[in-house]
Structures are given as C-alpha cells and as structure tokens.
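# Remarks on the overall topology
Residue-level listing of the chains:
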Amino acid sequence: MKLSCFMDQAYQGNVRSRKLETRQGDLIFSLEDLAEKVGCKPSKAQVEQLVAGDEKLAIRLISAHPRKEHQLLWGYLTSIAAELSSSPLRLDGGNFAGLELSRGAIVLEEAGDRVGEGMNGGRIFVKGRAGNYLGQQMSGGGIVAGCCGDYAFRGMATGWGVILGDAGKFVGLGNLGGSIAVRGRCGERAGWLMRGGRLRVAGEAGDYLGLIMSGGEIVVCGRAGARAGWRMKGGSIVAAAYGPEAGDGALGGALRLG
Amino acid sequence: MPDLRRKIDALAKSLENLRLHLGKRDLAIGDRRVNSQLYFALANACLRNKALLLYGGMGANKTTLVNLLGASFLGLPFEEVENLMVSGHPEQTEEKIVGFLDPRQWSRSGGEVEVLWTPWARSQWKVINEINRFPSGKQNLFLEILQKRKIGYAGKVLVPGDTCYFATMNPEFSATYPLDEALLDRISATVPAAQPDFLSGLMLSERQREVRDLATELPRFGLQEFQALPSCVAQTDLSPQVELAIVSLLKDFTLCERAPAYDKTQLSGSKPSKGLCAGCHYFGNPECLCWQGDEGLSDRARQDLREYTRALAFLLGRAGEIEVLRAVAPFVIWHRVNPVRSLLDQPPYYGARKLALVQELVEKSINRTLNERAEMNTIFSRAVDGEMSPRDAIEELSGHDDPIARLDFIPALERMR
C-alpha cells in the first residue's frame, strides 16, 4: 500500500493542521527555569515580567525549597505572590521573603536572613524569630517580628518595625527615618550612625547606644550601656540610666535622663 | 471450540463473584470500564512471550491473581501453579531457578550431560514473584530468558516454547534492588496493583472459603483453547490511525535535536533532566514531548503497544481502534521512561504519580498526531510515493517546526534526493 493511501485512511479526509508554536511555549516550571531566563540576580521587574501576574505560578514556584543561588529569585516571588494575593501569603520561612514588597501581607512562621529587605509597602509578620538584616533598607510598610538577629532595620528610610522580644546588635544602623520599637532589650551599637527616625527600646540597651549619630531620636526605658552617645553629632538620646563614659566626645545632640 | 472471549468474560465474572479479585474499574476504554490489573493480566495470558509486571504494595492481590489465572488457563490445581513460581531473594541461585546437573549421571559411564530442569523452567506460565528482591546480578538471568526465549545451563538449552511471563514487584523497600533499564525495556507492560477500595473491602470480608478451594470453581481452559488464544488476538486488525499514532508516539518520546542521530536512546550521562535541553527552542513547550522525559522508546515498545492494543480490543470485543491505544499506551510506556523531575514534582503529580503524567504525555502525542500533524504527514507521504519532489516537500516541511518533521521527515527526504 502506498504511504499516501495509508495516511488518507488514517485521517479519513480530516486534514486539519496547526503548526507547532515553538516560539510561544516559554513555560516556567521551576526556579531553575526562571533562573535560566533571568539569571540568579535579576531585578524585581524582570521577574515580574516573566511571572506576568500569574499568582498560581508564583505560588507554585515558591512552594519548592530554593537552592542557595535561587534564594533571591524566591524572595522576589514571595513579594509578587503576596502582591497578587487578596489574602495574606503564609510561608514557613526562608531568606529574602518579602524582598522589595510593595503591598499585600506575608505571614512567616520563622524568618531567615534579609526578610523584608528593600520593602516599600505592605506588611510582614514573623511569628517566631527573624534572622539578620530584617527590614534592611526598607522605605515603607511595616514589619512585626517575635525577635530578631543583628542589623535589623539597617539603613531604613521610612516605614516601621516592631520587635516583640529582644533585638540583636546594630538595630537601626545608619537610619534616615522611620520608627522602630523594641519591646525587649537591644544589643550594642543600636542607632549607630543614625541620621533620622525614631528608636524606642522598652528594656535595656547595650553599649555604644547612638554611636556617632547625627539625627533622630532614641528612647530607652531601661538602662543604656557604656559610652552611650559617644561622639554623637546630633539627635537625642533619652534613657532611664546610663553606663560609664556616656556622652564622651559628643560634638552635638542631647543626652538626657528620662 | 467455544467462544474464547465469552469464556474469558466468564472467568472475569467468576473472579468477582467468588470474591477472588475485586479491583477498581480504573481503565476506561470507550464507554467500558474495567480493572486494569485484571484485564492486562488477561491480555498477557492471550499473548505469548510478553512480560507483564504487576507493581504495588503488599497484599494487593498481585501474585494470587496471576496464580488464579494460571490455574484457570492451564487447567491445573491452584497449588500446582503456585509451585511453578520463583520468588526473589538474595539466596536464589540459577540452579534453584532453572535447573541443575543430574547427580545420578556421575554413576553412569558415557552419555551426554543431563540437566534436571525445574518446573518453572519447563512451564509455559512463568511467574517471577517479587522480581526486585533479586540482586541486580541475578536479575540478568531473566534478562537473558526474556530476550532469547530459551534457557541455557551447563551447555544445555531448554526451549520451553511460547510462554506467558508475569512478574510482581513491590515499591522500594529495604530489601529490594533497583531494576535495570534493559530489563525494564523487556517488560512489556506494567500495571499498578492497588489495595481494594471500601466497598471491595466489605465484599472481600464476605469470603468464607480458602482461595485454593474457590479456585476450583473458576472456568478451566483446555490446552488447545489456551494455545488458540494468540491466534484469536491476531485476528484483530489495528486501524491505520492506531498504527500512525503508535509510530508517532515512539518518535515523540525518542527524537531529540541534541542527541546523536537525534535518538535519545543513545544518550549516556547527558539527559534532559541534566541540562541537555537548556536553550533548546523546544524546551518548555508543553506540546513537545522531547524535553519532558529522559529516555527514548525502543522498537520493543512499538511491538508491545501493537500487541496489547490488539489483546485488549479482543478481550473487550472491540476493533483495534484509537480509544484502545489511548488506554493501553501509558501502561506500556511508563516504566520505560523517567519524566523530568521539575514536571513530576509539581502538582498534581507531587513526584509520586508518574503514570498520570505519562498518561497526559501520551494523550498529547496522540491528539497532536490525529489533529494537527495531518498536513505534514500528507506532504511526507506524497514525497515518499513520488507524487511530489523531495525538494518541494522539504521546503514545505521546513515550515513545520514539529520535531518529527524536522528531525525525521526532512533528513529522510534529504537522503532520497
């Protein structure tokens, strides 16, 4: 039998045809696929462009545990998913969650490092402990965490942060604005190089509180450690008591008992 | 001779009525729903020299079902069929499985070496129970038997004739060994054996008598009837649609732009799951199967697809049509391929439902062949028949980016120029 007769019998006159759309099938199934298209250090806009408002895709991609090189991508995806979702996005934890978040809410059981970094809107709630660099360089929105590691709210411009327990070292390092409240104690060098904004600590503060600060306001309800306001240039520090050498070498600003 | 299909129907009904097998009706062929475990086992009993693997957890009625069918088709007592079976464990030896040198010959002088073949070796109903409990080296014994259809020992060869092969296998446990890909390719079809559902469980509770007693009430086949089954199956013709869909299925799974000779079965080390497809323009296209699985399909898969489609069509009293192939193909293919993890790990497969993913891939391939490849297939066939020049055909086909057109049709036409 001729091959064309065989084909005629197989199709029985139903010669419909559609060419394969190879250039349009650009599906993303995993973080690896995404990384292949945008690299491991893309901008949020690049990731948003590929996810294209597909909430299900974003949620599917963040459901996988990211490898170290894909954590940044994972962080952007958590923000995109939270922004697209009408209800809070719930996650177990991970580094970079809520990276550059602009709206929506994320609820984390535990948080790794750099959660809420660069966020400019929305809310992040961490039920347990947050790692280092919580809310680093945030310029809006708010974060509530049970407790946190070092460098929390470093370089904060606006927005607010609440730590329900203790905070680690270097809280509010280099802050330009915004408000930070710590209900427990904070470690040393809180408000270091602070230029604006407010820091309120309900418990005690470690040594070098407000080190070389040039603006902003620090209130400590408990006792501040040694060398509070050391070489400060501006702003104000109020504490219930001070350790030794408080205000040594200060060029400006005010150090008061409250 | 009685109508063998009716007799097989009666056997299936008896297994249900006697509460000997109550599986879910999980295999839909047209408007008929049957139990895949039972009907693939029946299909395998109607074919010869094909191996069916029943895969599932303990107590899913794999071995008992095969032995019950053996008792019925061979007309033997259930216990006798059980004795024909070999079971996997690390202490199994070739001597225990196939045969050993007759020690009595050493007291005689002269004469040929004599081997005492085991009942399993001589039987035409071979059951390998828990095949993955054989260490990998011992699994090779079955590889040879399934390949050569004869058994060799001590320079002697036993040709048992046309045989029905069945194997059972548990999921990975602490005492199991992985099955070699070459052995898996020689297994014609794999069917999951599931635990009975709620209703079946209640019905099984009604069973009062022992399996071996109930087995005596199953319909019995005579030797002549058993031997006539393959010719009954062979009378079922496959439609051109089915033949076309089978060849296209094989090509869809096997063609790869980056593999030697575009043949994925030649890949070693580098695979789609290991980054082979990165940057390929077919990668990520859900309509293309090439990047979705690591392995290609051998020609054995084509033969098995044809044979099981015929056998199931015969059992259900249907023509060898596309609906039967749709139902059969996933069971013939899923143990031979490994879909890429990034697909398999996603919902709704969760890394665990490989058969469901392969079913979807098979559907895609068949639908694409039947609905969207008509034009390119017609162009190719006209060029092969000399009704148009290969040059014109190549030009027209180059507009189709389908892997079959690009990687198979066009190279074939270039060789014809």
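Residues numbered from 1 in each chain as written. Chains lettered and ligands numbered in written order. Predicted model: local features only at pLDDT ≥ 70, side-chain atom pairs only at ≥ 80, totals over all residues.

### Let's talk about the overall build of chain B
Counting secondary structure elements, chain B contains 19 helices and 11 strands. Per-residue burial for chain B yields a buried fraction of 43% across its 417 residues. A separation of at least 24 residues holds for 73% of the contacts in chain B among residues at least 6 apart in sequence. (Helix = DSSP H or I, 4+ residues; strand = E, 2+ residues; numbered from the N terminus. Buried ≥ 20, exposed ≤ 12 C-beta atoms within 10 Å, placed from the backbone. Contact = placed C-beta atoms within 7 Å.)

### Focus on the overall build of chain A
When its secondary structure is counted, chain A shows 5 helices and 10 strands. Counting over 258 residues, chain A shows a buried share of 48%. Relative to all contacts within chain A whose residues are 6 or more apart in sequence, the contacts with residues 24 or more apart total 14%.

### A word on the interface of chain B and chain A
Each partner contributes to the interface: chain B provides 28 residues, whereas chain A provides 26 residues. Residue assignment for the side of chain B that touches chain A shows that the elements contributing at least two residues are α12 (240–254), α15 (341–344), α16 (354–372) and α17 (374–384) of chain B. Class assignment for the residues of the side of chain B that touches chain A results in 8 nonpolar, 12 polar and 8 charged. (Nonpolar A, V, L, I, M, F, W, Y, C, P; charged D, E, K, R; others polar.)

### Looking at the sheet that holds strand β10 (residues 164–169) of chain B
Spatial ordering of the open sheet is given by β4-β7-β10-β3-β11 (chain B), a layout of 5 strands whose pairing is parallel. Here the strands that pair on one side only, and so sit at the sheet edges, are β4 (86–87) and β11 (189–192) of chain B. (Pairing = 2+ DSSP bridges.)

### Structural notes on the packing of helix α4 (residues 55–63) of chain A against helix α5 (residues 71–84) of chain A
Residues and elements named next belong to chain A. Between α4 and α5, whose axes approach to 9 Å, the crossing angle comes to 140°. The angle between α4 and α5 falls in the class oblique. Every pair of crossing elements has a handedness; the one defined by α4 and α5 is left-handed. The segment α4 lies against α5, with Glu 55, Ala 58, Ile 59, Leu 61 and Ile 62 engaging Trp 74, Leu 77, Thr 78, Ile 80, Ala 81 and Leu 84. For the contact of α4 with α5, the per-class residue count stands at 9 nonpolar, 1 polar and 1 charged. (Axes fitted to C-alpha atoms, helices over the stretch in contact; angles between N-to-C directions. Parallel < 35°, antiparallel > 145°, perpendicular 65-115°, else oblique. Left-handed = near helix turned anticlockwise from the far one by under 90°.)

### A look at the confidence of the model for chain A
Taken residue by residue, chain A gives an average pLDDT of 90. The fraction at 70 or more is 95%. At the level of individual helices and strands, chain A shows its lowest average pLDDT in helix α2 (residues 31–38) of chain A, which scores 82, and its highest in strand β6 (residues 179–182) of chain A, which scores 97. (pLDDT = per-residue confidence, 0-100.)

### A word on the sheet that holds strand β7 (residues 198–201) of chain A
Pairing between the strands of a sheet is mediated by backbone hydrogen bonds and can be parallel or antiparallel. All names here are of chain A. Taken together, 10 strands build an open sheet; the order of strands is β1-β2-β3-β4-β5-β6-β7-β8-β9-β10 and the sheet is parallel. Looking at strand neighbours, the two that pair on one side only are β1 (89–91) and β10 (254–257), the edges of this open sheet. Averaged over all pairs of adjacent strands, the angle between strand axes in this sheet comes to 10°, irrespective of strand direction. As paired strands, β7 and strand β8 (residues 214–224) are joined by 4 bridges and run parallel to one another. Within β8, the position partnered with Leu 199 by the bridge is Ile 218. Running at roughly 145° to β1, α5 makes contact with β1, β2 (105–108) and β3 (120–129) of the sheet.

### Examining the environment of B:Gly351
Relative to the helices and strands, B:Gly351 is located in the loop between α15 and α16. Here the alpha-carbon distance between B:Gly351 and B:Arg341, two residues 10 residues apart in the chain, equals 7.2 Å.

### What to know about the packing of helix α1 (residues 3–11) of chain A against α17(B)
Between α1(A) and α17(B), the shortest axis-to-axis distance is 7 Å and the interhelical angle comes to 160°. Compared by their axis directions, α1(A) and α17(B) come out roughly antiparallel. Packed against α1(A), whose contacting residues are A:Leu3, A:Ser4, A:Met7 and A:Tyr11, the element α17(B) presents B:Ala374, B:Asn377, B:Thr378, B:Ser381, B:Arg382 and B:Val384 at the interface. Here the residues of the contact of α1(A) with α17(B) sort into 5 nonpolar, 4 polar and 1 charged.

### Looking at unusual backbone geometry
Between B:Pro347 and B:Pro348 the backbone carries a cis peptide bond, its omega angle lying at 5°. Examined against the element boundaries, B:Pro348 turns out to sit in the loop between α15 and α16. Its identity as a non-glycine residue notwithstanding, A:Leu193 has a phi of 60°, on the positive side. Residue placement: A:Leu193 occurs in the loop between β6 and β7. Of the residues examined, A:Leu193 has 18 C-beta atoms within 10 Å and is grouped as partly exposed.

### Brief notes about the nonpolar core
Of all hydrophobic cores here, the largest spans 121 residues; its most connected members are B:Ala43, B:Cys46, B:Leu312 and B:Val328. Excluding residues that lie within four positions of it along the chain, B:Ala43 makes contacts with B:Tyr308, B:Ala311, B:Leu312 and B:Leu315. Counting 71 residues, the second largest nonpolar core, distinct from the first, contains A:Leu77, A:Ile163, A:Ile180 and A:Leu209. (Core = buried A, V, L, I, M, F, W, Y, C linked by C-beta atoms within 7 Å.)

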